[in-house]
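# Notes for the structure review
Letter by letter, the chains look like this.
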Amino acid sequence: MLRLAFLFIIFLWLSFRWWRDRSSVIINWPVVGMLPGLFLNSSRIHEFLTYVLQQCGGTFAFKGPWFGSLDFLVTSNPANVHHILRKKVFNYHKGFEFKEIFAEIFGDGIFCADGDRWKTQRRTIHSFIKDSKFEEAVERIIQRKVSQGIFVILEHFSEQREEVDMQDVLKRFVFDFVCLLMLGFDPNSLSIDFPQVPYKQAYYDMEEVLLQRHVKPQWFWKLQKWLQIGEERKMKISSEIFDRLLYQCISRKKELLNRSKTPMHRDDFDFLTFMLVEDNNQEEREMSAFKKSEKYARDMAFNLLSAGSETVSSGLTWFLWLVATHPLIEKSILEEMKTNLNGEGDGDGKGRHFSFEELSKLNYLHAAMCESLRLYPPVPFEHTVSVGSDTLPSGHQIGKNTRVIYSPYSMGRMEEIWGADCLEFKPERWISNKGELGDVSPYRFTAFNAGPRACIGKELAMVEMKAVGAAVIWNYSLQVVENHPILPSNSIVLHMKHGLKVRVLKRYHL
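Residues numbered from 1 in each chain as written. Predicted model: local features only at pLDDT ≥ 70, side-chain atom pairs only at ≥ 80, totals over all residues. Heavy atoms only, no water.

### Digging into the side chain of histidine 83
Inclusion rule: Note on conventions: DSSP H or I runs of at least 4 residues are helices, E runs of at least 2 residues are strands, and numbering of each starts at the N terminus. Think of it in three bands: with a 1.4 Å probe and only protein chains considered, a residue is buried below 20% of the maximum accessible area for its type, exposed above 50%, and partly exposed in between. We call two residues contacting when some pair of their heavy atoms lies within 4.5 Å.
As for its position among the elements, histidine 83 is in helix 4 (residues 78-87). Take histidine 83: its relative accessible area is 5%, and that puts it in the buried class. If we ignore the near neighbours within four places in the chain, the residues touching histidine 83 are Lys88, Val89, Tyr92, Asp390, Thr391, Leu392 and Pro393.

Structure below.
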C-alpha cells in the first residue's frame, strides 16, 4: 500500500507540473520534457524558435528529457549576446560536445581551437588578409570567375530561355573561388555542363552529416561511426576524398616551393603558399616547424575553406532573391551604379564587372546586402557552453556546462531590435539622413558574430558578395520562376531548401 501511495503522489506531482506548464509555448511533459514540441516543429525550426522567443521576451529555457543532457537556453536579446560574446567571454567556450561533433573534420583548426592555439591561428589569418598581395589576388580571382564562369552560364540560359538554379551557380562559384584563394587549385566546377566534382560533393556530404550529428543522440551517431554504417560511413568516405585533395595540394605546393629559388610571384599568391613560405614573427618562431607541418596546413586550409564557401553562397542567394522580388530596390541599386559609373555601358558587350574601388562607392548596394544578411544570416544559430555558473542581463540563471544558443535569424525578426517593420526588406534602415552608412552594433546585427571571435573575414565576404551581386544585377535581370517554393533549409548554413530557380534576361545599358 505504501508503494502504491508513493507512486500516486509521484503521479499527482507530475500531473501538477504538466498542468502548470500546459500554457507554455512548448509544453514541458513528464519524462520527455519539451522534446515532442521541438520534433513536431523540426521542419520549420527557424520560424518556430523565432515565434517562441517572440512570445517569451527574447530568452527561453528549453527542458530536455530527464534521461539526457539536452537542456539549453536560447536567446535573441542583444544585452545577453553582448554579455556572452564580450563582457563574460572568458566564461563561454565551444564546449566538449561541439568538439566531439566537429573535431574529426575540422581538426585543430580555428573553429575548434581555444586559448593560445586559437590566438596563433587568428594572427596567421590576419597576416594573410593584410598582406599586400591579398586584395589583388581576391579581385583577380573574382573577376576571372565572374567573366569566365557566371557570365558564360547566365548568357547561355538567357539565350536558351531556360530555367537555372542560381543557388547552384553561386555555390560552384564560391567553391572554385575559395579553392583558388586557399589552395591555389581550380576545381573548375563552374561551367555550363555543371560537372559532378567528387570533392565538391564530398564536402556537401560532410556538412549534411555534421547537421545529423546535431539532432541525433550522441550515443547513436557514435555507434554508427563504430559500426561504419549509415551517415557515419558516408562521413568516412567523404572525408577521405576531401583529405586526398587537401594533402595533394599541400604536397604539390611544397614540391614547387622547394624547386623554386625565386621569390613568390604575385599571381601565385594563395593561403597555402603564404603559410609555407612566409616567416613567422618573433613571437611565433617556436611554433614554426609545427605550423609548416602538413597536418597543421590541412586543418587551417579546411577551416578557411568552410568559412569562406557555404556562408558566402548562402548570403548571395538570399540577396539576389530579395532584389529580384523587390523591383523598386533593384531600380535604386541600378541607379546608384549608373551614377558611380558615370553613365558607362557594357563596353565590349561581354559583361561588366566592378573594381573594388568602384564597389566602395556603392553605399546603397552595401546597405541592401546588410539588410539581406539581417533577415537571412548564413549561420542561423551560434552555440556556446558556459564554463561556470552565470546570470544573464535578462535575469536568467546559467548553470555550469550549460549550452547557450543565440539566434541571428530570430534577432533579425524582433520588433524590439529593429522596429515594427522588422520583417520588411528595407536597405534604407542602414543609411543615415546624410546618405552615409550608419553604424549598427554587432550585438544587434550578429551575422558576422561579435566580440573577440568576430569573423576576421568579414570584409572579404562583403566585398566578394558585392562584387558578384553588382555584376549579376548590372548585366542580367533575374525572374524567379512562378510558384517556385522559397524556404530555408534545416542545415548548419541557411541555404534555400529547393534552390533558387530563375529565368535570366539580358540587361542592356545605353
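### Section: the nonpolar core
Here is a general trend for soluble globular proteins: nonpolar side chains tend to be buried in one another's company. Put simply, the rule is: Residues grouped as a nonpolar core are buried Ala, Val, Leu, Ile, Met, Phe, Trp, Tyr and Cys residues, joined through side-chain atoms within 4.5 Å.
Counting 146 residues, the largest nonpolar core has Met166, Leu181, Leu183, Phe242 and Ile333 as its most contacted members. Top element by residues in this core is helix 14 (residues 294-324). It accounts for 15 residues. Those residues in contact with leucine 181 that sit more than four places away from it in its chain are Phe128, Phe134, Ala137, Val138, Ile141, Asp270, Phe271 and Leu460.

### Some details on empty space enclosed by the protein
Convention followed: Here a cavity denotes grid points, spaced 1 Å and computed from the protein atoms alone, that fit a 1.4 Å probe unable to get out, and a pocket denotes an open set having protein on both sides within 12 Å along at least 5 of 7 lines; residues with an atom within 4 Å of a point are the lining. Grid points are joined across faces, edges and corners, and a volume is the space filled by probe spheres set on the points. Three classes are used, and their members are as follows: Ala, Val, Leu, Ile, Met, Phe, Trp, Tyr, Cys and Pro are nonpolar, Asp, Glu, Lys and Arg are charged, and the others, Gly among them, are polar.
Scanning the model with the defined rule gives five cavities of 30 Å³ or more in all. Looking at the largest cavity, its volume works out to about 50 Å³. Only helix 14, helix 20 (458-475) and strand 9 (476-480) provide two or more residues apiece to the lining of the largest cavity. A class-by-class count of the residues in the lining of the largest cavity yields seven nonpolar, no polar and two charged.

### Observations regarding the sheet that holds strand 1 (residues 59-62)
To be explicit about the condition: A pair of strands is considered paired only if DSSP assigns at least 2 bridges between the two.
Pairing in this open sheet of five strands is mixed, and the strands run 1-2-8-5-3 from one edge to the other. Pairing within the sheet leaves two strands with one partner each, and these edge strands are strand 1 and strand 3 (92-93). Pairing analysis gives four bridges linking strand 5 (residues 382-386) to strand 8 (residues 403-406), with the strands arranged antiparallel. From the neighbouring strand, histidine 383 faces strand 8, where its bridge partner is isoleucine 405.

Everything listed here is a matter of coordinates, which is why it stays silent on function.
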